[in-house]
Amino acid sequence: MDTSVPFREVLWNIPKFSIMYLIMVIAFAIAGYGIYRRFRLMKLGEPISRNDRKGERFKGMFTRSILQTSLARNPSTLMRHLGMYGGMLVMLVATVASMLTFRFNMPLMQGAWYKYFMSLVVDLAGLLFCVSMIWAIIRRCINKKIPTKPKDIFVLVLMFAVGFTGFFVEGLRIYATNDPWGPWSPVGYVCSLLFQGVDIHSAEIAHRVCWWGHMGLAFALLAYWFYSKLAHALLIPLATYRRSLESHGIIPAIDLENEDIENIGVGHIEDFNRKDLLDFEACVRCRKCEEVCPVYNAGGALSPMRMMMALDDHLMEQGEVVRKARKAAKAGADGEAAVGKDDAEDISVELVGNVIAPDALWSCTTCGACWEVCPGSMEQVTKFVRMRTYEVSMNS
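Residues numbered from 1 in each chain as written. Predicted model: local features only at pLDDT ≥ 70, side-chain atom pairs only at ≥ 80, totals over all residues. Heavy atoms only, no water.

**Brief notes about the overall build of the chain**
Scanning the chain from terminus to terminus reveals 17 helices and zero strands. Each principal axis of the C-alpha atoms in the chain carries an extent, and together these give about 80 × 50 × 40 Å. Out of the 396 residues belonging to the chain, those deemed buried represent 45%. Split by element, the accessible area of the chain, about 20200 Å² in all, is 63% carbon and sulfur. Taking the 42 positively charged and 39 negatively charged side chains of the chain as two groups, their mean positions are separated by 7 Å. (Helix = DSSP H or I, 4+ residues; strand = E, 2+ residues; numbered from the N terminus. Buried < 20%, exposed > 50% of the residue type's maximum accessible area, 1.4 Å probe, protein only. Areas by Shrake-Rupley, 256 points an atom, 1.4 Å probe, with all protein chains shown as cover. Lys, Arg positive; Asp, Glu negative; His and termini not counted. Charge placed at Lys NZ, Arg CZ, Asp CG, Glu CD.)

Structure follows, in structure tokens:
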């Protein structure tokens with residue numbers, strides 16, 4: 001190729017790269033099981049029809065979840081999320097372009113597209129991504145009001161490591177190949193300066209090690225994605241699409257004439273509908289609901305976020321027990337014998353008093369402020385009201 005034309009060799013210095021495909025298949029299989037596992041829990045809930053007015057639903061999903069307009073009230077949060085997801089999207093496009101070039105010999109790693117997008121834009125997007133990840137890690141560590149588990153920090157560090165190691169891989173390639181177009185990748189070029197004086201053979205070995213390390217981290221992130229809070233990247237758009245399109249002040253009516261109703265309201269985790277269970281899993285613990293809750297801000301017992309968290313934790317613990325009991329019953333076996341005596345006793349655990357504190361539940365004013373600001377369009381108020389309904393109708 002004409003050396004006056006910007007270009008880069010894909011998979012330079014990477015022999016036996018076919019192993020990568022095996023690792024990728026394993027990572028996708030693990031991630032796929034994570035998705036299956038979450039949706040299997042959601043199916044424990046009562047079916048609910050939320051597929052009408054598709055245009056309105058898709059529009060809300062795109063604007064609120066993809067463009068994240070629901071975060072406009074908090075510019076710093078919006079900037080951080082756009083840095084994360086915008087940077088990740090640009091890097092994903094670059095990865096696909098590299099694959100198309102390698103597999104189908106498409107001219108995507110040469111010329112103006114390579115110089116301006118694949119080098120300059122992708123580098124700047126990667127830098128923005130790394131800065132956003134550092135910002136998110138620091139925020140999680142210093143803001144004690146945000147409920148943070150060790151695995152939350154772990155996944156953020158893992159995401160940062162993927163972006164950070166990518167720059168070192170790029171820097172080693174620029175240095176070892178004496179790439180004349182290196183300065184168009186500003187962050188990678190700065191990294192290449194760190195290796196000045198290293199002999200080329202050693203740089204090639206270091207590049208190969210870093211490349212495999214970078215790929216390993218990327219596939220580990222993919223495999224772990226749906227076992228972590230990052231699952232909300234898929235679940236929140238789904239929750240937004242399946243949101244109620246009725247006024248937030250309307251509480252679903254109960255057909256008291258229906259003789260088939262066994263329970264009125266919600267007393268157990270499996271009494272919720274599938275949208276409710278989706279909401280529990282999609283909640284990202286962002287505290288937006290707490291910030292606008294009049295009861296919480298007045299020092300009351302209610303925290304909408306912590307109630308959602310408690311119900312999600314209970315779903316994760318109780319869901320498999322309920323699922324196994326239902327499976328045993330469907331197979332014609334005795335539920336208690338199939339799942340074990342202790343597990344069978346747990347099936348009857350009532351939410352209020354065991355998972356949800358009564359004073360927190362009854363202190364809700366049903367103002368709907370939490371529902372209004374929630375970036376995932378979760379329906380907190382209807383969940384709380386239906387648990388109250390059960391207490392009044394079944395336990396009074």
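**Regarding the pattern of salt bridges**
One pass over the structure, following the stated rule, counts 16 salt bridges. Here Lys275 ties to Glu379 by a salt bridge, and the two come within 3.3 Å at their closest N and O atoms. One end of the pair, Lys275, is in helix H9 (residues 274-282); the other, Glu379, is in the loop between helix H16 (369-373) and helix H17 (380-394), with 104 residues separating them in the sequence. Of the two residues examined, Lys275 and Glu379, each falls in the buried class. It is possible to trace a salt-bridge network through shared partners that takes in Arg50, Lys275, Asp276, Asp279, Glu379, Lys383 and Arg386. (Salt bridge = Lys/Arg side-chain N within 4 Å of Asp/Glu carboxyl O.)

**Some thoughts on the side chain of Arg285**
Structurally, the position occupied by Arg285 is in the loop between H9 and helix H10 (288-292). Among the residues examined, Arg285 registers a relative accessible area of 11% and is labelled buried. In this structure, Arg285 is in contact with Arg140, Ile146, Pro147, Asp152, Lys229, Met305 and Met309, ignoring residues within four places of it in sequence. (Contact = heavy atoms within 4.5 Å.)

**Considerations on helix H5 (residues 150-177)**
It helps to recall that an α-helix has 3.6 residues per turn; residues three or four apart then point in one direction. With 28 residues, H5 should reach 40 Å at 1.5 Å per residue; the first-to-last C-alpha distance of 41 Å fits that figure. A positive backbone phi angle near 50° is found at Asn178, which sits one or two residues after H5. (Expected span 1.5 Å × (residues − 1).)

**Structural notes on a nonpolar patch on the surface**
Together, Leu89, Leu92, Val93, Val96, Met99 and Trp113 make up a nonpolar patch on the protein surface, roughly 540 Å² of accessible area in all. Tallying contributions element by element places helix H3 (residues 75-104) first for the nonpolar patch, with five residues. For Leu92, the position within the fold is in helix H3. (Patch = residues over 30% accessible without salt bridge, like charges linked within 9 Å, V, L, I, M, F, W, Y side chains within 5 Å.)

**Re a positive patch on the surface**
Together, Lys43, Arg274, Arg326 and Lys330 make up a positively charged patch on the protein surface. In this structure, Lys330 sits in helix H12 (residues 304-330).

**Re the packing of aromatic side chains**
The tally for this structure, following the rule as stated, stands at eleven aromatic pairs. Taken together, a centroid distance of 5.3 Å and an interplanar angle of 85° make the contact between Tyr116 and Trp184 edge-to-face. With a gap of 68 residues between them, Tyr116 in helix H4 (residues 111-142) and Trp184 in the loop between H5 and helix H6 (186-193) connect regions that are remote in the sequence. Trp184 gets classed as partly exposed once you look at its relative accessible area, which sits at 29%. (Phe/Tyr/Trp six-rings, centres within 6.5 Å; stacked < 30°, edge-to-face > 60°.)

**Considerations on the nonpolar core**
Counting 54 residues, the largest nonpolar core has Leu221, Phe272, Met307 and Met387 as its most contacted members. Core analysis: the next-biggest nonpolar cluster, separate from the first, contains 19 residues, Met20, Met109, Val122 and Ala125 among them. (Core = buried A, V, L, I, M, F, W, Y, C linked by side-chain atoms within 4.5 Å.)

**Quick word on unusual backbone geometry**
With a phi angle near 55°, Lys16 is a residue other than glycine that sits in the positive phi range. Residue placement: Lys16 occurs in the segment before helix H1 (19-42). Phi at Gln68 is positive, roughly 60°, even though this residue is not glycine. Along the chain, Gln68 turns up in the loop between helix H2 (54-66) and H3.

**Quick word on the packing of H1 against H12**
Interhelical geometry of H1 versus H12 gives an angle of 75° and a closest axis separation of 9 Å. Overall, the two elements H1 and H12 adopt an arrangement that is roughly perpendicular. Contacts from Arg38, Arg40 and Leu41 of H1 reach H12 at Leu315, Met316, Gly319, Glu320 and Arg323. The class makeup of the residues in the contact of H1 with H12 is three nonpolar, one polar and four charged. (Axes fitted to C-alpha atoms, helices over the stretch in contact; angles between N-to-C directions. Parallel < 35°, antiparallel > 145°, perpendicular 65-115°, else oblique. Nonpolar A, V, L, I, M, F, W, Y, C, P; charged D, E, K, R; others polar.)

**Description of the environment of Val162**
Among the structural elements, Val162 can be located in helix H5. Val162 sits 57 residues away from Phe219 along the chain, and the two C-alpha atoms are 9.5 Å apart. Here Val162 is in contact with His214, Leu217, Ala218 and Leu221, once residues within four sequence places are set aside.

**Comments concerning the packing of H5 against helix H7 (residues 200-224)**
In contact at an axis separation of 8 Å, H5 and H7 are set at 150° when each is read in the N-to-C sense. Put simply, H5 runs roughly antiparallel to H7. Crossing of H5 over H7 shows left-handed handedness. The residue inventory of the contact of H5 with H7, partitioned by class, reads 20 nonpolar, four polar and three charged. (Left-handed = near helix turned anticlockwise from the far one by under 90°.)

**Here we look at the confidence of the model for the chain**
As a note on interpretation, predicted positions should not be read in detail where pLDDT is low. In this model, the chain carries a mean pLDDT of 89, and residues with pLDDT of at least 70 account for 94%. Here residues 335-346 is modelled with pLDDT under 50, and outside its nearest four sequence neighbours on either side it reaches eleven contacts, counting other chains as well. (pLDDT = per-residue confidence, 0-100.)

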